[in-house]
Amino acid sequence: MPHHLEEAVTAESAVAPEPEVLAAFEAAKGFMPLREGLALYAAAAGAAALGLPLLEVGTYCGRSTILLADAARAAGVSVLTVDHHRGSEEQQPGWEYHDPTVVDPEIGLMDTLPSFRRTLYRAGLEEHVVALVGRSPQVAAVWGGKLGFVFIDGGHTDEHANGDYEGWAPHVADGGLLVIHDVFPDPADGGQAPYRVHQRALSSGAFTEVSVTDSLRVLRRTGPGI
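Rules behind the numbers
- Residues numbered from 1 in each chain as written.
- Predicted model: local features only at pLDDT ≥ 70, side-chain atom pairs only at ≥ 80, totals over all residues.
- Heavy atoms only, no water.
- Helix = DSSP H or I, 4+ residues; strand = E, 2+ residues; numbered from the N terminus.
- Buried < 20%, exposed > 50% of the residue type's maximum accessible area, 1.4 Å probe, protein only.
- Contact = heavy atoms within 4.5 Å.
- Areas by Shrake-Rupley, 256 points an atom, 1.4 Å probe, with all protein chains shown as cover.
- 1 Å grid on protein atoms, 1.4 Å probe; cavity = no way out; pocket = protein on both sides within 12 Å on 5 of 7 lines; lining within 4 Å.
- Points joined across faces, edges and corners; volume = space filled by probe spheres on them.
- Nonpolar A, V, L, I, M, F, W, Y, C, P; charged D, E, K, R; others polar.
- Expected span 1.5 Å × (residues − 1).
- Pairing = 2+ DSSP bridges.

Draft legend 1. Local environment of the overall build of the protein chain. From N to C terminus, the protein chain includes 8 helices and 7 strands. Within the protein chain, the proportion of its 226 residues that are buried is 49%. Looking at the protein chain alone, contacts between residues at least 24 apart form 70% of all its contacts between residues at least 6 apart. Taken as a whole, the protein chain presents about 10200 Å² of accessible surface, with 54% of it coming from carbon and sulfur.

Structural data, given as structure tokens:
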């Protein structure tokens with residue numbers, strides 16, 4: 001990997017979104033805190049220098065997509081965001097993160113796709129994002145290209161977290177970044193599936209951790225495999 005690109009990928013504190021982008025992020029429905037959002041933006045901006053697409057697993061209503069799209073826009077690349085838009089396990093009726101305003105009243109199921117589209121429209125970022133509507137392993141199975149950045153923030157069961165990792169981590173290019181959200185080493189702080197995937201990535205020898213911001217972990221591909 002050329003030295004100037006390695007510097008770009010690791011310069012986590014060197015870039016920040018413009019105030020209007022941050023305002024759109026904070027106004028959007030979603031769960032990512034500002035501190036983690038800023039770290040995500042910096043990582044995406046650095047990885048975009050590789051000239052490859054950025055990919056997010058777990059779109060929800062597009063809060064984090066705003067930051068990825070702005071970073072991609074500046075570098076002239078695109079963001080791909082993958083979600084079936086029916087909500088993850090913890091977003092179903094009766095669970096902690098359920099939001100009845102994103103339930104389709106006609107069929108009674110969650111549908112976050114309209115909210116996501118409104119989020120991107122309001123932020124002026126629609127043209128920089130490709131929405132892939134489907135289940136992550138199925139989409140990954142038909143994706144053939146390399147990616148400069150993969151952000152795993154989908155389902156939080158072991159099945160889904162491992163499926164996201166196994167489907168998308170092989171596509172991370174040499175020197176590209178793998179970012180994992182909701183990594184909690186202490187079970188008292190949150191579910192353990194993302195943490196186990198994080199540990200799997202590190203023990204593989206394929207990825208090296210480059211930054212930690214609360215529950216957000218940024219790793220760089222430094223070897224083959226997963």
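Draft legend 2. Here's a closer look at empty space enclosed by the protein. Per the counting criterion, the structure on display carries 1 cavity of 30 Å³ or more. A volume near 30 Å³ is recorded for the largest cavity. Within the lining of the largest cavity, the residues separate by chemical class into 3 nonpolar, 4 polar and 1 charged.

Draft legend 3. Inspection of the layout of surface pockets at higher detail. Volume-wise, the second largest pocket comes out at about 180 Å³. Forming the walls of the second largest pocket are A24, A27, A28, K29, C61, I66, S115, R118, T119, R122 and A123. Going through the elements one at a time, α2 (19-27) and α5 (113-123) are the ones with two or more residues in the lining of the second largest pocket.

Draft legend 4. Expanded view of helix α3 (residues 34-47). Taking 1.5 Å per residue, 14 residues should reach 20 Å; α3 reaches 20 Å between its end C-alpha atoms and fits that length. The buried fraction of α3 is high, at 10 of 14 residues.

Draft legend 5. Structural view of the pairing of strand β7 (residues 216-221). Counting buried positions over the 6 residues of β7 gives 6, a clear majority of the element. Side chains of β7 alternate between two faces, with L216, V218 and R220 and R217, L219 and R221 buried alike. Judged from the 4 bridges that link them, strand β5 (residues 172-180) and β7 form a sheet pairing that is antiparallel. Bridged to L178 within β7 is L219. Where strand β6 (residues 207-213) and β7 come together, 6 bridges link them in antiparallel fashion. Bridged to F207 within β7 is R221. In this antiparallel pair of consecutive strands, β6 and β7, the connection spans 2 residues, and D214 shows a positive phi of 55 degrees.

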